[in-house]
Amino acid sequence: MDHSHHTDGDCQYVDDFSRVCLPDSPIFLQINRIMSWTFCVSAGVNVCLILIYVACLTRTKRPFCRLLSFGFLVAGLMLKLPQASIRASNPGFNSTADLPHLILFMCADILDHIGLVILIYWDICTEAVHLVFALDPKRFTWSLKLCRWSGYIFICSQLVILGPYLASMYFLETHEERCVGYIIFAVTQFCIVFGLSPSLAFGMLVRGVHQLWQKLPEKVPRHLKHRLTYAQIGLTLLMLITVTFCFAGVLTASVELLRIHAGFLYMDVVVTVITLVVNVLLGGEVYLTLKHIWRRHLNRHGPLHSQLVQEVIHAGVAELSDVMRSVQTQPPVWKRGLAFAVADSFLDMAVDDCGPDLKTTDLCMRWLKPLTLPARCSIWEAFSTGFPKLYGANYPQVSHQSYGLYIGQPTVMVSHCWASSYWELMLIMKRFDENTQSNNLFFLDVFAMNQHDFADMTSVQLNGSDTFSPTCSVKSGGSDLGDGFKDVYQTMLRALTRSIELPGRVLLAMTPHQQPLLLTRSWCLYEIYIAWKVGAEVYCGFIPEAEQSVKHSLLESDALINEMLSAVDAEKSRATVESDREMILSMISKAGVDRFNSFVQEKLSASLRMVALSTLLMTSEEPPPPALDRCAESRSSVATRSEFFHRDLDLEVLGGLDDDIDNDSDSFPV
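Quantities reported herein were computed from a predicted structural model and do not represent experimental measurements. (Residues numbered from 1 in each chain as written. Predicted model: local features only at pLDDT ≥ 70, side-chain atom pairs only at ≥ 80, totals over all residues. Heavy atoms only, no water.)

**Q** Help me out: how do you make sense of the overall build of the protein in this one?
**A** Regarding its fold elements, the protein presents 24 helices and six strands. Counting every position in the protein, which comprises 670 residues, the buried fraction comes to 53%. Contacts in the protein between residues far apart in sequence, at least 24 positions, make up 83% of those at least 6 positions apart. Carbon and sulfur atoms form 61% of the exposed surface of the protein, whose accessible area is close to 29,100 Å². (Helix = DSSP H or I, 4+ residues; strand = E, 2+ residues; numbered from the N terminus. Buried < 20%, exposed > 50% of the residue type's maximum accessible area, 1.4 Å probe, protein only. Contact = heavy atoms within 4.5 Å. Areas by Shrake-Rupley, 256 points an atom, 1.4 Å probe, with all protein chains shown as cover.)

**Q** So what exactly am I meant to see when it comes to the pairing of strand β3 (residues 412–415) here?
**A** Walk down a regular strand and you will see the side chains alternate between the two sheet faces. Alternating positions in β3 separate into two faces, Val412 and Val414 on one and Met413 and Ser415 on the other, with burial throughout. Assessed by its sense of winding, the connection that carries the chain from β3 through helix α15 (residues 422–436) to strand β4 (residues 441–443) is right-handed. Pairing of β3 with strand β5 (residues 505–509), which is carried by three bridges, proceeds in the parallel orientation. Within the sheet, the bridge partner assigned to Val414 lies in β5 and is Leu507. (Right-handed = clockwise from strand over helix to strand, strands pointing away. Pairing = 2+ DSSP bridges.)

**Q** Would you mind showing me how to read the UniProt feature "transmembrane region" (unreviewed entry) in the protein here?
**A** Per the UniProt annotation, the sites labelled "transmembrane region" (unreviewed entry) are residues 34–57, 149–171, 183–207, 228–251 and 263–290. Summarising residues 34–57: 96% helix, 0% strand, and an end-to-end C-alpha distance of 34 Å. (UniProt positions renumbered as here; feature names shortened; annotations may be inferred.)

**Q** Any chance you could explain a nonpolar patch on the surface here in plain terms?
**A** A cluster of nonpolar side chains, namely Leu99, Ile103 and Phe171, defines an oily patch on the protein surface of about 260 Å² accessible area. Take Leu99: it is sitting in helix α4 (residues 99–132). You can call Leu99 partly exposed: its relative accessible area is 34%. (Patch = residues over 30% accessible without salt bridge, like charges linked within 9 Å, V, L, I, M, F, W, Y side chains within 5 Å. Salt bridge = Lys/Arg side-chain N within 4 Å of Asp/Glu carboxyl O.)

**Q** For this particular structure, what's the right way to read the sheet that holds strand β2 (residues 407–408)?
**A** In a beta sheet, neighbouring strands pair by backbone hydrogen bonds and run either parallel or antiparallel. On the basis of which strands lie adjacent, the open sheet formed by six strands has the order β2-β1-β4-β3-β5-β6 and mixed pairing. The sheet terminates laterally at β2 and β6 (537–541), the two strands that pair on one side only. Lying over the sheet, helix α19 (residues 522–533) contacts β3, β5 and β6, oriented at roughly 150° with respect to β3. (Axes fitted to C-alpha atoms, helices over the stretch in contact; angles between N-to-C directions.)

**Q** What should I look at first to understand the nonpolar core in this one?
**A** It is characteristic of soluble globular proteins that their nonpolar side chains tend to be buried jointly. With 93 residues, the main nonpolar core has Phe346, Phe383, Tyr422 and Phe447 as its most contacted residues. Broken down by element, this core gets its largest block of residues, nine residues, from α19. (Core = buried A, V, L, I, M, F, W, Y, C linked by side-chain atoms within 4.5 Å.)

**Q** For this particular structure, what's the right way to read the pairing of β5?
**A** Among the five residues that make up β5, five are buried, leaving the element largely enclosed by the rest of the structure. Of the two faces of β5, the one holding Arg505, Leu507 and Ala509 and the one holding Val506 and Leu508 are both buried throughout. Pairing geometry for β5 and β6, over five bridges, is parallel. Across the sheet, residue Leu507 finds its bridge partner in β6, namely Tyr539.

**Q** Which parts of the structure should I look at to understand the packing of aromatic side chains?
**A** How two aromatic rings sit relative to each other is set out by the distance from centre to centre and by the angle between their planes. Scanning all chains against the criterion turns up 20 aromatic pairs. With centroids separated by 5.1 Å and ring planes inclined at 85°, the aromatic side chains of Tyr170 and Phe171 adopt a geometry described as edge-to-face. For Phe171, a relative accessible area of 49% corresponds to the partly exposed category. Their ring planes at 80° and their centres at 5.3 Å tell us that Phe432 and Tyr539 sit as a pair that is edge-to-face. Separated by 107 residues along the polypeptide, Phe432 in helix α15 and Tyr539 in strand β6 bring together distant segments of the chain. Comparing Phe432 with Tyr539, the two get one shared label, buried. Following the ring pairs from residue to residue traces out a cluster consisting of Phe17, Tyr165, Tyr182, Phe185, Phe190, Phe245 and Tyr266. (Phe/Tyr/Trp six-rings, centres within 6.5 Å; stacked < 30°, edge-to-face > 60°.)

**Q** Can you walk me through α4 in this structure?
**A** Because each turn of an α-helix spans 3.6 residues, side chains separated by three or four positions end up pointing in the same direction. Under the 1.5 Å per step criterion, the end-to-end length of α4 is 47 Å for 34 residues, consistent within 8% with the ideal 50 Å. Most of α4 sits inside the fold, with 24 of its 34 residues counted as buried. (Expected span 1.5 Å × (residues − 1).)

**Q** When you look at the packing of α4 against helix α5 (residues 137–171) in this model, what are you seeing that I'm missing?
**A** Angle between the axes and distance between the axes are the two parameters that describe a pair of packed helices. Contact geometry of α4 with α5 gives a least axis separation of 9 Å together with a crossing angle of 165°. If you check the angle between α4 and α5, you find them roughly antiparallel. Relative to α5, the crossing made by α4 is right-handed. For the contact of α4 with α5, a count of residues per class yields 23 nonpolar, eight polar and two charged. (Parallel < 35°, antiparallel > 145°, perpendicular 65-115°, else oblique. Left-handed = near helix turned anticlockwise from the far one by under 90°. Nonpolar A, V, L, I, M, F, W, Y, C, P; charged D, E, K, R; others polar.)

**Q** I would appreciate a short explanation of α5 in the present structure.
**A** A rise of 1.5 Å per residue sets the reference length of α5, with its 35 residues, at 51 Å; its end C-alpha atoms lie 51 Å apart and thus fit the reference within 8%. Largest kink in α5: about 25°, centred on Ser157. (Bend = angle between axes of the 7 residues up to and from the residue.)

**Q** What should I look at first to understand the pattern of salt bridges in this one?
**A** Should the charged atoms of two oppositely charged side chains come close, the side chains can pair. According to the stated counting rule, one finds 10 salt bridges in the structure shown. With a shortest N-O distance of 2.9 Å, Asp112 and Lys80 are connected by a salt bridge. Residue Asp112 is found in helix α4, and its partner Lys80 is found in the loop between α2 (64–79) and α3 (81–89); the two are separated by 32 residues along the sequence. Relative accessible area serves as the criterion here: at 4%, Lys80 is assigned to the buried category. Glu381 is the salt-bridge partner of Arg336, the closest N and O atoms lying 3.8 Å from each other. Taken together, the positions of Arg336 in the loop between α10 (306–323) and β1 (337–339) and Glu381 in helix α13 (residues 379–390) put the pair 45 residues apart, joining distant regions of the chain. An identical accessibility class is assigned to Arg336 and Glu381; each is buried. Here the salt bridges do not stand alone but share partners, grouping Arg62, Arg66, Asp123 and Glu285 into one network.

**Q** How should I be thinking about the environment of Ile50 in this particular structure?
**A** Residue position: Ile50 is located in helix α1 (residues 25–56). For Ile50, a relative accessible area of 13% translates into the label buried. Residues Ile50 and Phe70, spaced 20 residues apart in sequence, show a C-alpha to C-alpha distance of 7.7 Å. Leave out the neighbours within four places in its chain, and Ile50 touches Phe70, Val74 and Leu282.

**Q** Can you help me understand the side chain of Thr96 in this one?
**A** Within the secondary structure layout, Thr96 lies in the loop between α3 and α4. Engagement of the side chain of Thr96 in a polar contact is seen with the backbone oxygen of Asp16, the distance being 2.7 Å. Polar side-chain contacts of Thr96 include one of 2.6 Å to the side chain of Asn94. Ignoring any residue separated from it by four or fewer positions in sequence, one finds Thr96 in contact with Asp16, Phe17, Arg19, Leu102, Met169, Tyr170 and Met267. (Polar contact = N/O pair within 3.5 Å; in protein donor to acceptor, adjacent residues only side chain to side chain.)

**Q** What exactly am I supposed to notice about the packing of α19 against helix α22 (residues 578–588) here?
**A** Close contact between α19 and α22 brings their axes to 9 Å; oriented N to C, the two are set at 35°. Crossing of α19 against α22: the hand is left-handed. Two secondary-structure elements touch here, α19 through Ser522, Trp523 and Tyr526 and α22 through Asp580, Arg581, Met583, Ile584 and Met587. Broken down by class, the residue content of the contact of α19 with α22 amounts to five nonpolar, one polar and two charged.

As structure tokens, this is what we get:
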């Protein structure tokens, strides 16, 4: 069989597909040599990157389809190395005239294209579907199935189209037959498989992102906003690239000059470009993976033993008791944040007492208040004072460098019900750290606020400064008593607002997830209102074992959302101290309780819907932590944020406290 037709005996370069001697052969030889060397170098870089990537997988988890796609791509590139190395030294080598090399190239090319199909339909499109259609259950299910079956179909197409076409390049004898074969190949492979089909898929996803933007509220969490923006830009670029593939297939199939150069364009230019693209994609994936591991390493503070925390607090209490420091030495209440490791250590202290049935109230009454009683200070003050006293050789985990990992200005405020399980609260905080991939410093009122008296908050200036100076005191007798408590509540509400406004993020501890106690508590409802009033980001936190249940419920219908929101009623909300509930109701009564309920329900509904887009979609399918042995005896909750107030406080003097809060025209206007 003669495979040398359409060639000149002195021709130095014959096109792989058309078998036509290309003009200006020396130029094509040099270009071919450069392309071959570029391919070899890029393939070597990809091998190094995939080895680094595999090594990273021992420290973190990445999507299996992504790993599979890169594995196919790099494997295919490695199988093309023999041909590329031969062409680097002998640019005139024609692989389609050498059956063993052609079979090797065919297998390599099929692997590469399968890797691209997996990357497009099972990784990129699937991830985009989870993001774009998370709020549309029907389109979500349909789109997910479409991505999966499209991947199966186009993988099979590579075996049906690519394999027979490359094999035909060895057996077809006439130039006309080769042209017809390439036209069929260009239309199916370039125009349909990697052109029209993915461009339609990416176009639908871009349109879905645009529609999703319209469904979401104006203010969305920063990470979700960035994710949607990057998704929109990335999908648009991919759509433009695939449209370019479609036009390239049409041009090469219809223009005679391009058909003559088809082998050079495909086996030299396209293959080299694919190698460089894999360099960029795999390099970016390795960079993101290393960045993720590095961030986890930087934010790793390790657990703190409960005995060590007690020693730190004892040292701080002793220092505060002896020195009798003035209130100016301590930062404002809203600047007191603690890491999860510190808060979790108190659970270890009380685990033998109450286990998972331990309530926040029990923790406060049985452990926190007795620990800080000698100095009558908050846990945060004692810990921050005692921490620098104990770092050194005896406590390597308590170092001067690690101080900022355990204590500092809060990055998120936690809204929780004191009657809920403290153990579940710790699971939610730990999950929030995992989902945000950072070491957050949490504002927890039970640790930040002085549970013995209100001196550290009543000393806050009401003019907006962060410095402390005595400005109001509770006097006994006559009208001064009412004015004093009015100032106390004013100061407390301003401090509460600042504790939300400063970090700009609020984590709602939704336990139990079907009917969260948080939504039945007056203070918690008011915190949700303040969060949206000041423009803070609101996150709904669930324990790990409830996350999947919430996710599936949100995807199926709005039944769970409606069940949760039905509990939002300010008039029926409860507070351990009745005066707290009366005070909150008095502040919202001018605008109307129904309008307040509707406002909170609307904002909370948006936050719950965004759970499907952000927190829950980022969580892994790992099983929840094993439950601890529960105590038979459960404790009753008897404390709130104002435990230190007199329970028979008369709030008739508080009629004007809502003036500052209701003057915002953008939220809850009067």
